[in-house]
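Each chain is listed here by its residues.
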Amino acid sequence: MTESIQHKFYTHSREAFTAMIQAATSAERSIYLESFIFLQDTFPTHNFVDIFCEKARQGVRVVLVIDALGSYSLDTAERVRLVEAGAELLFFTNWFRRLHRKLLIVDGSVAFIGGVNVGRRYIEWLDLHIRLTSRLFVRGLLRSFAHSYA
């Protein structure tokens, strides 16, 4: 018996941000984020750093792998807040390659992937992002995340 593919497309960054925030807020075990641009200027409506800090303090494993160049403007105070809350914050720093994937996996059961960067300037962009809940796809994305994390 084959599993049906559960998905939802988002064509606007604001909609994708809202769905990603909702998923992260419901996390019980893990939040894995991989992003080229991750900035803390999307508050108060989409405060990713606050939610990630709160979840890390609750014992949820929070791992962020972000591109060092693309996320260069992430405020040092926000970096410290994430780490002090218990999140793992890793910067991809290969000078000849960039980390352009935009991926969020929550509890190993829901994944978001597409073109949406996290930052205020992108909130009104028309961009494609997809939410997947198929175990087969989420497992594959977890393996992909593990390559960046290693």
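Read on for an overview of the structure. (Residues numbered from 1 in each chain as written. Predicted model: local features only at pLDDT ≥ 70, side-chain atom pairs only at ≥ 80, totals over all residues. Heavy atoms only, no water.)

A look at the nonpolar core
Argument step 1. Within the largest apolar cluster, 34 residues are counted, with the highest numbers of intra-cluster contacts made by Phe 38, Phe 52 and Leu 64.
Argument step 2. Elements represented by at least two residues in this core include exactly helix H1 (13-25), strand E2 (30-35), helix H2 (48-57), strand E3 (61-67), helix H3 (76-85), strand E5 (102-106) and strand E6 (110-114).
Argument step 3. Looking at which element gives the most residues to this core, the answer is H1, with 7 residues.
Argument step 4. Once residues within four sequence positions are removed from consideration, Phe 52 is found in contact with Ala 24, Ile 31, Leu 33, Phe 38, Val 62, Leu 64, Leu 82 and Leu 104.
Argument step 5. In this structure, Val 65, Ala 111, Val 138 and Leu 141 belong to the second largest nonpolar core, which totals 11 residues. (Core = buried A, V, L, I, M, F, W, Y, C linked by side-chain atoms within 4.5 Å. Buried < 20%, exposed > 50% of the residue type's maximum accessible area, 1.4 Å probe, protein only. Helix = DSSP H or I, 4+ residues; strand = E, 2+ residues; numbered from the N terminus. Contact = heavy atoms within 4.5 Å.)

A closer look at the sheet that holds E3
Argument step 1. If you trace the 7 strands from one edge of the open sheet to the other, you get E1-E7-E6-E5-E2-E3-E4, paired in mixed fashion. Each of the sheet's edge strands pairs with one partner strand only, and the pair in question is strand E1 (7-12) and strand E4 (88-92). For this sheet the average axis-to-axis angle between neighbouring strands, irrespective of direction, equals 10°.
Argument step 2. Relative to E3, E2 runs parallel, the two being bridged by 6 bridges. If you follow Ser 30 over to E3, its bridge partner there is Arg 61.
Argument step 3. Along the sheet, H2 contacts E2, E3 and E5; its crossing angle with E3, the most-contacted strand, is approximately 145°. (Pairing = 2+ DSSP bridges. Axes fitted to C-alpha atoms, helices over the stretch in contact; angles between N-to-C directions.)

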